[in-house]
Structure formats: structure tokens, C-alpha cells
Amino acid sequence: MPLLLTVAGILALILLIAYFHLDTFIAFILVSVSIGLAAGMDVPAVGKSIQTGIGNTLGDLVLIVGFGAMLGRVVAESGAARRITNVLIDLFGIKNIRWGLALAGFIIGIPLFYNAGFIIVVPLIFTIAASTKLPMLTVAIPMLSALSVAHGYLPPHPSPAALVGQLGADLGKTLFYGILVAIPAIVIAGPLFGKTLGRFNPKPDREVFDPNEVPKTDLPGAGISFFVALLPVAMLTIFGPLRGYLKTQGLDQTLGGKVLTLLGEPYIGMLVSVLVAVYTLSLRRGETMKRSMKLLEEAIKAASPILLVIAGAGALKQIFNDSGTSVYIGQQLAGLNMPPLVLGWVMAAIIRVCVGSATIAGLTTAGIMLPLLQSQTGVNPELMVLAIGAGSLMLSHINDPGFWLFKEYFNLSINDTLRTWTVMETIVGVVGLLGVLTLNAIL
């Protein structure tokens, strides 16, 4: 019965979102209530479970995602993202431009949410393709694959950050391992695969295709642009592990230890990054405080729908847990002759194909896989985050908004979008799994 409830709940979620186009948060709550009541929970218990799930899931995540959105908006609006791209293009030259664009996409993709990053880099892609006379998709795919990898693998992006919290993973380690796994995924899905796409000849709409070079005089300097974009990565990877070391050595209660421990908190790292970005990329360059704060306000508004989706997934996870469904599923999954990391990847990929959203696929899978992590020793939670993240990027097709974003901006047919975008996303997903399994064998 619990397994049937889970399958029915996931199918209902897919149907409500993909077929009836119901708001995702509402769909999550409806399915959560239905599963709770069908599992025999009384009404007050269902309500309490939903509230607990939403509260526990959001927690620090509101701060991480919120500050991440703010940082991305400042980096974008100040022109720092454009400066980073220009520098890398000049550094790599025309011959190796695809590698420079892949690196630029990755650096830009760390602080920027995917949709925002896409909108920012597309004009750069059009300009570079026009000025270098290179086939447009051979320029576009390296950059967009890097954005996609950052979106699926790396905190502070919403899905990986939420998975870290749900699965009890360490944020700093997840980010470090994620970068290691991201490198081969970007290399293969980006420059190498992109090089094969010269036969495609997209003709973007002239309204979005501006081949004129953007003046560089108003852009921030290269040093500060790279520093601000990479600051959250540096803080999370350095201070996160340091916090654990200080605690084991009994130094976390000294004044210096307390300061370093505080800096090791993910939300503090993101806050510091935002404050540095506001000062260096906005106030110091003549922007008013009022305008700077307006940018941050707009960033929060843009991130709020994502937080609601994550909250809904947290409610469903808690219902699975409180109804006893998660315990039952964990016992059944433990008996499957399939490595847990592969199982997490497969489940995320299936839900991704059905729903279209990488975020929904990742968060739904986490709720189902959590009891398996709790019941089995030796399963690395950081690698499980990455396995689920890689699976959630698989086989993007017509039910994925990103598919249509790519299709419409590059004015491709559905068939050509499947042969380019969908293949690129699938490569990212498969190589991601292989990278996770490789790390698992080493660690």
C-alpha cells in the first residue's frame, strides 16, 4: 500500500503540473494532503506535517537562495558578467573560443540562476558568433552547457542547496565535489559536443539579435568582476571545512575560532558576498543606495516562486516521512540490487522526463531516497546530491521551459532543438553520473 501511494502521488503530481498546468506549489500541497489522508493520518496531523516540512526545508535555504539571487542580480546589472566573458574571449582567442566561453559560462553560472544567466549570455553569444563568423551553436552550446551544469550540480542554486539540507550533506564538500564532477561534464557536453554542431544554421529573430559590440567603457574591472563572482565559492570551500576542523580541535570557542566558524556558515558567506558585490559593483561605481536596494528587492521577487516550489517539495517529503511511507520505501529500495547513487540518478531522470523541471525532479527524488540514506551506511550524502542533480538534467524536451527558451531564442525547429539542446542536457546528465561514480570509488 505505501508503495502504491507513492507511485499514485508522483503520477498525480506529474498530471497536475504537466497536463493541467496547475501551479506547482498548489500541486505539491494537494498531493501531500491526499497522500497523508490516504495513509491514515488524521487531518490535524496532516496539517502539522505540512507546516513542519515547509519550515524545516526552507530554514537556512531562504537565506542562501535569497542572497544567491541578490548576488546574481548585482553581477548581471553591473556588467561584471559581460566583463568576465570579454576577458576570457581575449585570453583564449578565436581558435579556442569555445573553451573560453565554457569557462565564462561556468563562472557566470555559479552566482546566477539559470534563466537569468541564459538571458544575459545570449546577447554575448550572438555578438561573438557575428564577430568571429563561427557557426552560432558551436559558440552557444559550450556556454549554455556550463550554465546548466552549475544549475543542476552546485549550491547556491536552489535544487542542489535544498538537496544538501534534505539529505544532510555538507555544503562545502558538495560544492567542491560538484566542481570536480562539473569539469568533465562541461568539457564533453560543451566544447567537444558543440564543435559537432556546425551543420545547424539558426537564424535568430532580429529583435533579439544585436550584432553590434557593446561598449566596454562602463563595465567594471576584470579583477573585481572575477573576485565577486567567485567569492561565494571561495568562502564555502575554505571556511566550511575549516569550521569542522576548529570544532574537532576545540578551537571553535576562541574569539578567532568564533569568527572563522561564523564565516563558515553558508548563509554568512553568501551575505558577505552580497555586501561586497553591492559596495564594489554598485555603490563604489556611483550607483545610489536606493537603486542598489531596489535591485536586491527585485531579485528576491524573482526567487520567491522557486522557494515556494521547494517548500511544496518539503511538505511532500514530510508527509512521506510522518505517514511511514518513507520507512517502507527505504526498506524496499534497500533490497534492490542497484547502487544507491545509480538509483537516485534513475529516479530523478524519470521524474525529470515526466515533469520537465529539474528542481521538482531533484526535490521529489530526495524525499524518496532519504530513508535509504538513513538506513544504509557508506552512502555519501554529498555524492547523492550530485547524482540526483545529474539525473534531474536528463532528456530535457517539450515539457521543459528551458527547452523552449533555447528553441525560441535561436529560432530552431523542435526537431533541431531535440538534436542539439536535448542531446547536450543528456550528455551532462550521463557524464555527471559517471563522475559521481568515479569519485565514489576514490573516496
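Rules used in this analysis
Residues numbered from 1 in each chain as written. Predicted model: local features only at pLDDT ≥ 70, side-chain atom pairs only at ≥ 80, totals over all residues. Heavy atoms only, no water. Helix = DSSP H or I, 4+ residues; strand = E, 2+ residues; numbered from the N terminus. Rg over C-alpha atoms; globule rule 2.2 N^0.38 Å. Buried < 20%, exposed > 50% of the residue type's maximum accessible area, 1.4 Å probe, protein only. Contact = heavy atoms within 4.5 Å. Areas by Shrake-Rupley, 256 points an atom, 1.4 Å probe, with all protein chains shown as cover. Salt bridge = Lys/Arg side-chain N within 4 Å of Asp/Glu carboxyl O. Phe/Tyr/Trp six-rings, centres within 6.5 Å; stacked < 30°, edge-to-face > 60°. Core = buried A, V, L, I, M, F, W, Y, C linked by side-chain atoms within 4.5 Å. Axes fitted to C-alpha atoms, helices over the stretch in contact; angles between N-to-C directions. Parallel < 35°, antiparallel > 145°, perpendicular 65-115°, else oblique. Left-handed = near helix turned anticlockwise from the far one by under 90°. Nonpolar A, V, L, I, M, F, W, Y, C, P; charged D, E, K, R; others polar.

Enquirer: Help me understand the overall build of the chain in this model?
Expert: Secondary structure assignment for the chain yields 20 helices and zero strands. Taking 2.2 N^0.38 as the reference for a compact globule, 443 residues should give roughly 22 Å; the C-alpha atoms of the chain span a radius of gyration of 22 Å, in line with that estimate. Seen through its principal axes, the chain has C-alpha atoms that stretch 65 × 60 × 45 Å. For the chain, the residues scored as buried account for 55% of the 443 residues in total. In the chain, the proportion of contacts linking residues at least 24 apart, taken out of those at least 6 apart, comes to 80%. Accessible surface for the chain amounts to roughly 18,200 Å². Of this, 65% is attributable to carbon and sulfur atoms.

Enquirer: Before we go on, may I ask you to explain the pattern of salt bridges in this structure?
Expert: Proximity of charged atoms lets side chains of opposite charge pair with each other. Summed over all chains, the structure comprises five salt bridges. Taking the shortest distance from any N to any O, the salt bridge between Arg73 and Glu298 comes out at 3.0 Å. Separated by 225 residues along the polypeptide, Arg73 in helix H4 (residues 61–78) and Glu298 in helix H14 (residues 289–322) bring together distant segments of the chain. Residue Arg73 is classed as partly exposed on the basis of its relative accessible area of 22%. Its relative accessible area of 27% is what places Glu298 among the partly exposed residues. Here Lys301 makes a salt bridge to Glu297, at a shortest N to O gap of 3.3 Å. Of this pair, Lys301 and Glu297 are both found in helix H14, four residues apart, which corresponds to roughly one turn of the helix. Judged by relative accessible area, Lys301 falls into the exposed class, the value being 52%.

Enquirer: Just checking my understanding: could you explain the packing of aromatic side chains for this structure?
Expert: The description of an aromatic ring pair rests on the distance of the ring centres and on the angle between the ring planes. Counted under the stated rule, the structure contains four aromatic pairs. Consider the rings of Tyr19 and Phe20, whose centres lie 4.9 Å apart with planes at 90°: the pair is edge-to-face. Three or more aromatic residues link up through ring pairs in this structure, and these residues are Phe406, Phe410 and Trp421.

Enquirer: Help me out: how do you make sense of the nonpolar core in this one?
Expert: Generally speaking, soluble globular proteins have nonpolar side chains that are buried together. Ile125, Leu144, Tyr153, Phe406 and Phe410 are the most contacted members of the largest nonpolar core, which totals 134 residues. In this structure Phe406 touches Phe118, Leu137, Ile141, Leu144, Leu412, Thr417, Thr420 and Trp421, once residues within four positions along its chain are discounted.

Enquirer: Even after reading the chapter, I still don't get the packing of helix H8 (residues 136–153) against helix H10 (residues 171–194), so can you show me in this structure?
Expert: What describes two packed helices is the angle between their axes and the distance between those same axes. Where H8 meets H10, the axes come as close as 8 Å, and the angle between the chain directions of the two elements is 160°. Put simply, H8 runs roughly antiparallel to H10. The two elements H8 and H10 cross, and the hand of that crossing is right-handed. Contact residues: H8 offers Thr138, Ile141, Pro142, Ser145, Ala146, Val149 and Tyr153, while H10 offers Gly178, Val181, Ala182, Ala185, Ile186, Ala189, Gly190, Pro191, Phe193 and Gly194. Among the residues forming the contact of H8 with H10, the class breakdown is twelve nonpolar, five polar and no charged.

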